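# Architecture at a glance
Listed below are the residues making up each chain.
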Amino acid sequence: MSHDSVSAGADREGSDSSGQESTLADHEAQLNAVLADVEGSSADDEPISLELPGLGMNRRDFMKAGAAVGTVSALAGCASLTGGGTNTQTTSGDVPDHTVAPGEHDEYYGFWSGGHAGDIRIFGLPSMRELTRIPVFNREPAKGYGFDDETNAMLEDAGGYTWGDSHHPSLSETDGKYDGNYLFVNDKANGRVARVNLKYFETDAITNVPNVQAVHGCCIQSPNTDYLFANSEFRTPLPNDGRDVTNPEKYVSVFTAIDPESMAVRWQVQVDGNLDILDTDKDGRWAISSAYNDEEGVEIEEMTRDDRDYVKAFDVPAIQTAVDNGEYEEVNGVPVVDGRRDSLLNSGENPIVRYIPTPKSPHCVEVEPNGKYAMVAGKLSPTVSIIDIEKLASEPDPAKTIVGQPKVGLGPLHTTFDDRGQAYTSLFIDSQVVKWDIETAVDSPDNSEDAILGKIDVHYNPGHIQAIQAMSTEPIGDWLVVLNKLSKDRFLPVGPIYPDNDQLIYIGNDKDDETGGMELVADHPVYPEPHDAIFATKDKIAPAKTWDKADYEGEKEYVSETNSRVNRIDDTTVEAYASVKRSEYGLRDFTVKEGDQVTLTVTNIEGSQDIVHGVAIPEYDVNLALAPQDTREVTFRADKPGVYWIYCTYFCSALHLEMRSRMLVEPR
Ligand code: CUK
Ligand code: CUA
């Protein structure tokens, strides 16, 4: 593909003749099918000749241009259409300063998923300053994650993959409020979920979920984190062991419940169609999942054939009862309950899974902070379907649980909330955020725009959108972050892989103007490619400043200066124990024999915060990072005779460079 075809404001027509006609023609054919649907339902009041700001192109051309850099599958929400042009907002003066003065702290913690970087990034809000990263599915040398025995074993036990694709961070809750204990996140790439301990801001568990190829939707059960739920994105045979590979009608996708303390898988439910994204009510009963491909196709034309797909609402206590009654089949050690539409468990008055028809291929589910409604963004439909959660239990016809369907714009993907009953939905194709009033939308006819309070341009192609504490019962309603997939002309060029652009919008002023009072405040480049974020007030998160050795007592030794030592266990096994402090290791040197298996245990005995030491052994690929009072172990084979200078990687004092030890490996 011609890369110059994506510069901002470029003439698309010109770029279309750049030599990949057949590919483009294919994309266009697919897109036309989708467009026919989108335009069909919005043609009455949204002229497709509407010009995009700064671009001599109408919406239809705009979507086609998207086909030049992505495919229609981009509409599945995790890749990109293209946009262009600029539309810089200047703030009106009644927006608070989002910058934070030197030495001051931010008001909010932001936890971003890193996408296929596999990590979690921590930002301060509203400054949008990146504070740190927490490696999760990725090995990361700066924090020594995946380099010491314990984190290495955790990654190996969870499949030994070299990467992951983190999408949906979820904060643990007590009484519907973030409690600051844990953050959970999925790995879309390898069907895993992980837990980050927010005392140490470190990943402490990864579960490789059986019977699942790719976990996409992932969230805790409100209000008390009784379960962690995970959706399999892909349909596969169950079990996926080589049977039924050519029988796609036998593929299923699976909803999984995990114990958040042990991180063990408790049970699964197999359903029809593809599961996508997930949220729960605020009462511990319903887990609601968006879904697409109820056609159960394996190719894109099949997947988008029908006008309807079915949101799945899982009745968690009813499923629990079925499990307790033994109404399941065990597959790979997990009880799997049958939640397919024709399952006996769905036949009576209290089905375990309710299948709610929505316009085709919706993308997301977000439950608003009161727990009254779940919002299902249409993606290929310009609407958001509003599900009345109370009706899930009482309304015999699932279609009637949808109590509103406002028309919000093209490509709605994700919705977030303020503290005033208002919702904000990202419009992927329109490159806008739309603000709308929830109760007005419920009271208005379907496909009406009565509830819309304003729209603001973003740059470009937004995916997730998140306001402060909007996933809890305590939304704040001041700042909103829009995670844009493209940045185009927003930053200095940095080569063909651009940063993404997370834009900060102030939503604290409701106004009767074009944007409903929303104001774009800042562009913020991010390393590819965050999908989602979750924000908490700073008082909710209380990280430790140093390790507490009581937390690893009995698992690892605390090595003091006086018990630094070398133990030869047998002819080929050595254990070395060393303390570390400014500016020395407890062992100034130690000697092993060529071929020995060496386990080195090191404790940082510093008591003062922020004095971190490292242990690097050149040519042995050894790299530990030790925060104060932490102990780490590393095991390796001393297979290269010679002198190896052990040094500290963190600049810890004026004598940091002189801070050394030596490993002497004697030839056998
Ligand atoms: S998904 Cu990527 S924009 Cu994985 Cu939450 Cu919607
Ligand atoms: Cu310790 Cu540098």
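- Looking at an unreviewed UniProt entry, the chain carries the name Nitrous-oxide reductase, with the source organism given as Halobium palmae.
- Checking UniProt for the chain, the heading Catalytic activity (unreviewed entry) contains the comment "N2 + 2 Fe(III)-[cytochrome c] + H2O = nitrous oxide + 2 Fe(II)-[cytochrome c] + 2 H(+)".
- Here is the UniProt Pathway (unreviewed entry) comment for the chain, exactly as written: "Nitrogen metabolism; nitrate reduction (denitrification); dinitrogen from nitrate: step 4/4."

### Comments concerning the overall build of the chain
- On a plain count of helices and strands, the chain comes out with eight helices and 41 strands.
- In the chain, buried positions account for 58% of the 668 residues.
- Total accessible area on the chain stands at roughly 25,900 Å², and carbon and sulfur atoms take up 47% of it.

### Let's talk about the site of ligand 1
- The immediate surroundings of ligand 1 are formed by twelve residues, with His167, His168, His216, His414 and His464 found nearest.
- Along the lines of polarity and charge, the residues of the shell around ligand 1 split into two nonpolar, nine polar and one charged.

### Here's the deal with the packing of aromatic side chains
- If you walk through the whole model with that rule in mind, you get 18 aromatic pairs.
- Ring geometry for Phe255 against Phe314: centres 3.9 Å apart, planes inclined by 10 degrees, an arrangement best described as stacked. You can see Phe255 sitting in strand β10 (residues 253-258) and its partner Phe314 sitting in strand β14 (residues 308-315), a full 59 residues away along the chain.
- Pairing Tyr620 with Tyr644 gives two aromatic rings, centres 4.9 Å apart and planes at 85 degrees, and the pair type is edge-to-face. On the criterion of sequence distance, the pair formed by Tyr620 in the loop between β37 (613-617) and β38 (622-626) and Tyr644 in strand β40 (residues 642-647) is long-range, its members being 24 residues apart.
- Residue class for Tyr620 comes out buried when judged on its relative accessible area of 8%.
- In this structure Tyr644 comes out as buried when scored by relative accessible area, which is 8%.
- Counting every residue linked through ring pairs, the aromatic cluster contains Tyr227, Phe229, Phe255, Trp267 and Phe314.
- Cation over ring: Lys549 sits above Tyr558, and NZ or CZ is 4.2 Å from the ring centre.
- For the cation-ring pair, Arg662 lies above Trp645, with the distance from its terminal atom to the ring centre recorded as 5.9 Å.

### Some thoughts on the pairing of strand β2 (residues 119-125)
- Of all seven residues making up β2, seven are buried, and the element is well covered by its neighbours.
- The side-chain alternation of β2 yields two buried faces, one formed by Asp119, Arg121, Phe123 and Leu125 and the other by Ile120, Ile122 and Gly124.
- In terms of strand pairing, strand β1 (residues 108-113) meets β2 through six bridges, oriented antiparallel. Directly across from Ser113, in β2, lies its bridge partner Ile120.
- With antiparallel pairing between neighbouring strands as the criterion, β1 and β2 make up a hairpin whose turn holds five residues, including Gly115 at a positive phi of roughly 60 degrees.
- Two strands pair when backbone bridges link them, and β2 and strand β3 (residues 129-135) are joined in this way by six bridges, in the antiparallel orientation. Counterpart to Arg121 in the pairing with β3 is Arg133.
- Connecting the antiparallel pair β2 and β3 is a turn made up of three residues, with Met128 showing a positive phi of about 65 degrees.

### Comments concerning unusual backbone geometry
- Cis peptide bonds are those with omega within 30 degrees of zero, and the linkage from Leu238 to Pro239 qualifies with -5 degrees.
- Along the chain, the position of Pro239 falls in the loop between β9 (228-232) and β10.
- Tyr460 follows His459 through a cis peptide bond whose omega is -5 degrees.
- On the secondary structure map, Tyr460 appears in the loop between β25 (452-457) and β26 (462-467).
- At Asp621, a residue that is not glycine, the phi angle is positive and equals roughly 60 degrees.

Here is what the cut-offs are and how they apply
Residues numbered from 1 in each chain as written. Chains lettered and ligands numbered in written order. Predicted model: local features only at pLDDT ≥ 70, side-chain atom pairs only at ≥ 80, totals over all residues. Heavy atoms only, no water. UniProt positions renumbered as here; feature names shortened; annotations may be inferred. Helix = DSSP H or I, 4+ residues; strand = E, 2+ residues; numbered from the N terminus. Buried < 20%, exposed > 50% of the residue type's maximum accessible area, 1.4 Å probe, protein only. Areas by Shrake-Rupley, 256 points an atom, 1.4 Å probe, with all protein chains shown as cover. Near = heavy atom within 4 Å. Nonpolar A, V, L, I, M, F, W, Y, C, P; charged D, E, K, R; others polar. Phe/Tyr/Trp six-rings, centres within 6.5 Å; stacked < 30°, edge-to-face > 60°. Lys NZ or Arg CZ within 6 Å of the ring centre and 35° of its normal. Pairing = 2+ DSSP bridges.

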